[in-house]
Amino acid sequence: MEGDSRGPKGLRLLLLGAPGSGKGTQASALSSRLCVPAISTGEMLREAVAEGSELGERISGLLASGELVDDATMRQVVQRRLDKPDTERGFMLDGYPRTIDQAHALDEILSSSGEGLDAAIQIEVPEEELVRRALARRREDDREDIVRRRLAVYRDKTRPVAEFYRDRGLLVEVDGDQPIVRVTEAILSALGVAA
Ligand code: AP5
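How each quantity is defined
- Residues numbered from 1 in each chain as written.
- Predicted model: local features only at pLDDT ≥ 70, side-chain atom pairs only at ≥ 80, totals over all residues.
- Heavy atoms only, no water.
- Phe/Tyr/Trp six-rings, centres within 6.5 Å; stacked < 30°, edge-to-face > 60°.
- Buried < 20%, exposed > 50% of the residue type's maximum accessible area, 1.4 Å probe, protein only.
- Helix = DSSP H or I, 4+ residues; strand = E, 2+ residues; numbered from the N terminus.
- Pairing = 2+ DSSP bridges.
- Axes fitted to C-alpha atoms, helices over the stretch in contact; angles between N-to-C directions.
- Salt bridge = Lys/Arg side-chain N within 4 Å of Asp/Glu carboxyl O.
- Near = heavy atom within 4 Å.
- Polar contact = N/O pair within 3.5 Å; in protein donor to acceptor, adjacent residues only side chain to side chain.
- Areas by Shrake-Rupley, 256 points an atom, 1.4 Å probe, with all protein chains shown as cover.
- Nonpolar A, V, L, I, M, F, W, Y, C, P; charged D, E, K, R; others polar.
- Core = buried A, V, L, I, M, F, W, Y, C linked by side-chain atoms within 4.5 Å.
- Contact = heavy atoms within 4.5 Å.
- Left-handed = near helix turned anticlockwise from the far one by under 90°.

1. Considering the packing of aromatic side chains
Okay, so step 1: Taken as a whole, this structure holds one aromatic pair when the rule is applied.
Okay, so step 2: A centroid spacing of 5.0 Å and a plane angle of 85 degrees characterise the contact between Phe 164 and Tyr 165, whose relative ring orientation is edge-to-face.
Okay, so step 3: A relative accessible area of 13% means that Phe 164 is categorised as buried.

Pasting the structure below:
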């Protein structure tokens, strides 16, 4: 992508990558740099569980076991969030889409506003480093057996999403096994934005 592609509508970006690859870390760093909100579906779901909402009660077991929440529920969650006015000048979605069905759902959500995506950024990190990072963090779903289950779900259901965007010429692959600031720089450089 050449030059800073932010037009009047801003950048519409996806952050893809395995659990622990640094999606959330990079979303926070890039959100202020690119002036777009970082939207983490994992964070929204954990908030729903913490609030004890109807959604939270329905999905808490899935989150705890490392399984995915169903596509129809995720479509509602994402649609509601993207309907908020702060996304009018772009957004960075962290953790969605995670299945090919979710990628099609996102197409439909965006087509209603006549907008497309600018890039899908895939952060690559070797599996043993992913496990090391997760175990060092100790979130509730960071127990080794659950981390390995999340990685298996990723390989099976989410990895094909990267190919979906590669076929559309939107995939940007970045080495995530380097210091955090270097990963941020690599993403900005791939987007054609000065670091
Ligand atoms: P979610 O919260 O999205 O979890 P995840 O994909 O497993 O990702 P993580 O938060 O573990 O990792 P990350 O890539 O964001 O890395 P981070 O920056 O935190 O989803 C949780 C659950 O919600 C799912 O399992 C599922 O149940 C459900 N869910 C969410 N979205 C869904 C969807 N679309 N459909 C269905 N279900 C859905 O970094 C990890 C650690 O590494 C941190 O400690 C960080 O400090 C460190 N770190 C980051 N970068 C570096 C670096 N370059 N070098 C060294 N350390 C680093």
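Still more ground to cover, so stick around.
2. A short note on the side chain of Thr 184
Okay, so step 1: Note that Thr 184 resides in helix α8 (residues 180-191).
Okay, so step 2: On the basis of relative accessibility, which here comes to 13%, the residue Thr 184 falls in the buried class.

3. Some points on the sheet that holds strand β5 (residues 171-175)
Okay, so step 1: Read across the open sheet, the five strands follow the order β2-β3-β1-β4-β5; overall the sheet is parallel. A strand with exactly one partner marks an edge of an open sheet, and here the two such strands are β2 (38-40) and β5. Going across the sheet, the axis of each strand differs from the next one's by a mean of 25 degrees, ignoring polarity.
Okay, so step 2: Of the pairings in the sheet, the one linking strand β1 (residues 12-17) to strand β4 (residues 119-124) comprises five bridges and is parallel in character.

4. A closer look at the pattern of salt bridges
Okay, so step 1: All chains considered together, the criterion is met by 20 salt bridges.
Okay, so step 2: Glu 129 is paired through a salt bridge with Arg 133; the nearest N and O atoms lie 2.9 Å apart. Highlighted residues: Glu 129 and Arg 133, both in helix α6 (residues 127-137), separated by four residues, approximately one helical turn.
Okay, so step 3: Glu 129 sits in the buried class, given a relative accessible area of 18%.

5. Looking at the site of the ligand
Okay, so step 1: The full set close to the ligand counts 28 residues, and Thr 25, Thr 41, Glu 67, Arg 98 and Arg 150 are the nearest of them.
Okay, so step 2: For the ligand, an oxygen atom lies 2.8 Å from a polar atom in the side chain of Arg 46.
Okay, so step 3: Taking Arg 139, its side chain carries an N or O atom lying 2.9 Å from an oxygen atom of the ligand.
Okay, so step 4: Burial of the ligand by the surrounding chains reaches 87%, relative to a free accessible area of 1,000 Å².
Okay, so step 5: Counting residues per element, the ones that place at least two in the shell around the ligand are α1 (23-34), α2 (41-51) and α6.
Okay, so step 6: Here the shell around the ligand takes four residues from α2, the largest share from any one element.
Okay, so step 7: When its residues are assigned to classes, the shell around the ligand shows nine nonpolar, eleven polar and eight charged.

6. Overview of the pairing of β4
Okay, so step 1: Of all six residues in β4, five are buried, a share of seventy percent or more.
Okay, so step 2: Where β4 and β5 come together, five bridges link them in parallel fashion. Within β5, the residue paired with Glu 124 across the bridge is Asp 175.

7. Examining the nonpolar core
Okay, so step 1: Ranked by size, the top nonpolar core spans 29 residues in total, and within it Leu 14, Leu 16, Leu 82, Leu 106, Leu 117 and Tyr 165 carry the most contacts.
Okay, so step 2: Elements represented by at least two residues in this core include exactly β1, α2, α3 (54-65), α4 (71-82), β3 (91-94), α5 (100-111) and α7 (144-167).
Okay, so step 3: In terms of residue count, the dominant contributor to this core is α5 (five residues).
Okay, so step 4: If we ignore the near neighbours within four places in the chain, the residues touching Leu 82 are Ile 39, Thr 87, Phe 91, Leu 106, Ile 109 and Leu 110.
Okay, so step 5: Core analysis: the next-biggest nonpolar cluster, separate from the first, contains 26 residues, Leu 34, Met 92, Ala 134 and Ile 187 among them.

8. Considerations on the packing of α2 against α3
Okay, so step 1: For the pair α2 and α3, interaxial distance at closest approach is 8 Å and the crossing angle is 115 degrees. When you trace α2 past α3, the crossing you get is left-handed. In this structure, α2 uses Leu 45, Arg 46, Ala 48 and Val 49 to contact α3, whose residues at the interface are Leu 55, Gly 56, Ile 59, Ser 60 and Leu 63.
Okay, so step 2: In terms of residue class, the contact of α2 with α3 is built from six nonpolar, two polar and one charged.

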